[in-house]
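# An overview of the molecular structure
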Amino acid sequence: MQILATDLDGTIYIEDKLIDNVQESHNYLLNKKIKIIYTTNNSSQNPIRIQQKLENLLETEIDIDSVVTPLKVLNEYLHNKKFNIFIYGSQELTDYVSAISKVTTNINDADLILIGRKEKNDQKNVSEIIDFVNRGKKIMGMNKDLTFPTYDNKEKIGNGVVIKTIEDEVGINIQTFGKPDNKYFNYLNNKFKRIDFMIGDRVDTDIVLGNNLNAKTFLVNSSVKNHMKNNIADYKFDNFSECVSFILKNF
Ligand SMILES: [Mg+2]
């Protein structure tokens, strides 16, 4: 069986709207018995919410095991660790982590600082975090996306902005649980053995990850502006459905 991994934001949907013709193409893939893995760097929402969103938009059942998010990678990482975690991020991220680990609001007591995405950044909190990291406190992030796409073509500020600020201030590289970093790569690699195709709208996350997985990589044009040279993708198309037509015809 062939396996196709796809990105979600900007590739399958933008905010709460499916991109044109995605539903038909998705059905073609299912009819051809191609297994689909839904990959995302969204860590503000828990995996079940993302599964439900896909089920509603695509009007079909989605296996929760085929939805891979930084939260699932984090969950596996925290297994058997007794960390006390300080969280900078959404309430949903805090709720998710609280269910699998100890969480503290006192940064002093924390074994690990975890950086997610906040609707509004808290500069005072970020300065405090920089202070603690400078003094050796362990820090990790959910992903390094600097932006994510919205429907009116304005980009919203992503997780990566705070992480980049901290990295630049402290002079370190922060590991994350998102694409294309090692922990996400290993999770996919262990779980699915081989991924044949990767479709996504970002070179720095989707295409880099797909290339590392030895998949055939497809860059779509349906949302973000790419700041990296896009010639590292094997193929370029306007959108998901064009990629699917090409894959079904040629592989
Ligand atoms: Mg995307």
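A few words on the sheet that holds strand β1 (residues 3-7). Here 6 strands make up an open sheet; going across it, the order is β5-β4-β1-β12-β13-β14 and the pairing parallel. Each of the sheet's edge strands pairs with one partner strand only, and the pair in question is β5 (67-68) and β14 (235-237). The pairing of β1 with strand β4 (residues 35-39) spans 5 bridges and is classified as parallel. Each residue of the ladder has a partner; that of Ile-3, found in β4, is Lys-35. Contacts between helix α8 (residues 203-212) and the sheet are confined to β1, β12 (197-200) and β13 (216-220), with β12 contributing the most and set at about 175° to the helix.

Here we come to the packing of helix α1 (residues 22-31) against helix α9 (residues 240-250). Where α1 contacts α9, the axes come no closer than 8 Å and their chain directions differ by 25°. Between α1 and α9, the angle is such that the two are roughly parallel. You can see that α1 and α9 cross each other, and the crossing is left-handed. Each of Val-22, Glu-24, Ser-25, Tyr-28 and Leu-29 in α1 lies in contact with α9, whose residues at this interface are Phe-240, Ser-241, Val-244 and Leu-248.

With parallel pairing, 4 strands are arranged side by side in an open sheet as β7-β6-β8-β9. The open sheet terminates on both sides in strands that have one partner only, identified here as β7 (102-104) and β9 (139-141). Taken pair by pair, the neighbouring strands of this sheet meet at an average axis angle of 35°, ignoring direction. Each of β6 (84-88), β8 (112-115) and β9 touches helix α5 (residues 123-134); the most contacted strand, β8, lies at about 140° to it.

Thresholds, definitions, all that
Residues numbered from 1 in each chain as written. Predicted model: local features only at pLDDT ≥ 70, side-chain atom pairs only at ≥ 80, totals over all residues. Pairing = 2+ DSSP bridges. Helix = DSSP H or I, 4+ residues; strand = E, 2+ residues; numbered from the N terminus. Contact = placed C-beta atoms within 7 Å. Axes fitted to C-alpha atoms, helices over the stretch in contact; angles between N-to-C directions. Parallel < 35°, antiparallel > 145°, perpendicular 65-115°, else oblique. Left-handed = near helix turned anticlockwise from the far one by under 90°.

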